[in-house]
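# Close look at the chain arrangement
What follows is each chain in one-letter form.
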Amino acid sequence: MLHPAKKRFSVVLALLLLVCMFGTAAADNAPWPVKTFYGVGVGVSYPPNNQNVKRQAYYGPNPYTYAGAGAFKARSVQNAVALFREGDFALVDFYYPSMGKYCVYFQIQDLTTRNIDQETLTAYPAAVTAEIQPMMGPGYDYRPMEELTPSRNVRQVLLTRGMRVNVLFEMNGWVFAEFSCAIGTVRAWLPANMVESI
């Protein structure tokens, strides 16, 4: 007969295994890849004689296809992690003190390391199931996507119910999706439970 402490441990272990199996099954049923990226720590480079230089970020891995996501003072970028690279660009998750958290693309040449795992992404057609504001990273603690109006006012970018998007992958309950909006062609983050495959 098992000692009570060992019995409790066995029950807890069995429950953990069931939770892990359930979690894996849920991920396997997603209509697009569910990924985890650990990335590599990076800095945004700047010349020693110009510490105020800014580096342009983009909403995707090509400056001709995707809209600009802002210029950031290189030495102010904090806690930067390059999740993966696509060609000459890397998706970088970072904190910018005056603006908050972002997850956008920088050119590899503007980063302090080039040893970043290459990723090839596939688009999965989907539609938004409710009006939502895209976020600049996988969570509500990231900066929301906004646009500057012609009169220089800041306005929320909103996706309407039924709008078509292309999901690239899911991570932490959020999908990384590509779509067109007032800003141009962008990639941003949407809650996975508000997007459905079509």
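The preceding data block contains the structure.
Thresholds applied
Residues numbered from 1 in each chain as written. Predicted model: local features only at pLDDT ≥ 70, side-chain atom pairs only at ≥ 80, totals over all residues. Heavy atoms only, no water. Core = buried A, V, L, I, M, F, W, Y, C linked by side-chain atoms within 4.5 Å. Buried < 20%, exposed > 50% of the residue type's maximum accessible area, 1.4 Å probe, protein only. Helix = DSSP H or I, 4+ residues; strand = E, 2+ residues; numbered from the N terminus. Contact = heavy atoms within 4.5 Å. Phe/Tyr/Trp six-rings, centres within 6.5 Å; stacked < 30°, edge-to-face > 60°.

## Side note on the nonpolar core
- Ranked by internal contacts, the top residues of the largest apolar core, which has 43 residues, are Val92, Phe94, Val165 and Leu190.
- Of all the secondary structure elements, the ones that give two or more residues to this core are strand S3 (68-73), strand S4 (78-86), strand S5 (89-96), strand S6 (100-107), strand S7 (124-128), strand S10 (164-171), strand S11 (174-181) and strand S12 (184-191).
- Ranked by residues supplied to this core, first place goes to S5 with four residues.
- Each residue touching Phe94, except ones within four places of it in the same chain, is listed here: Phe72, Val77, Gln78, Asn79, Ala80, Gly100, Lys101, Tyr102, Val104 and Phe106.
- Of all hydrophobic cores here, the second largest spans 17 residues; its members include Leu91, Tyr142, Met171 and Trp174.

## Here's the deal with the packing of aromatic side chains
- Enumeration over the complete set of coordinates arrives at 15 aromatic pairs.
- Between Phe72 and Tyr102, the ring centres sit 4.9 Å apart and the planes meet at 75 degrees, which makes this aromatic pair edge-to-face. Here the residue Phe72 occupies a position in strand S3, and Tyr102 occupies one in strand S6, the gap between them amounting to 30 residues. When sorted by exposure, Phe72 lands in the same class as Tyr102, which is buried.
- A ring pair is formed by Tyr140 and Trp174, whose centres lie 4.9 Å apart and whose planes are at 75 degrees; its orientation type is edge-to-face. Placement of Tyr140 in the loop between S7 and strand S8 (146-148) and of Trp174 in strand S11 is noted, with a sequence separation of 34 residues between them.
- Take Tyr140: its relative accessible area is 62%, and that puts it in the exposed class.
- By relative accessible area, Trp174 is classed as buried at 7%.
- Feature note: the residues Phe37, Phe84, Tyr105, Phe169, Phe176 and Trp189 constitute an aromatic cluster, connected by ring pairs.

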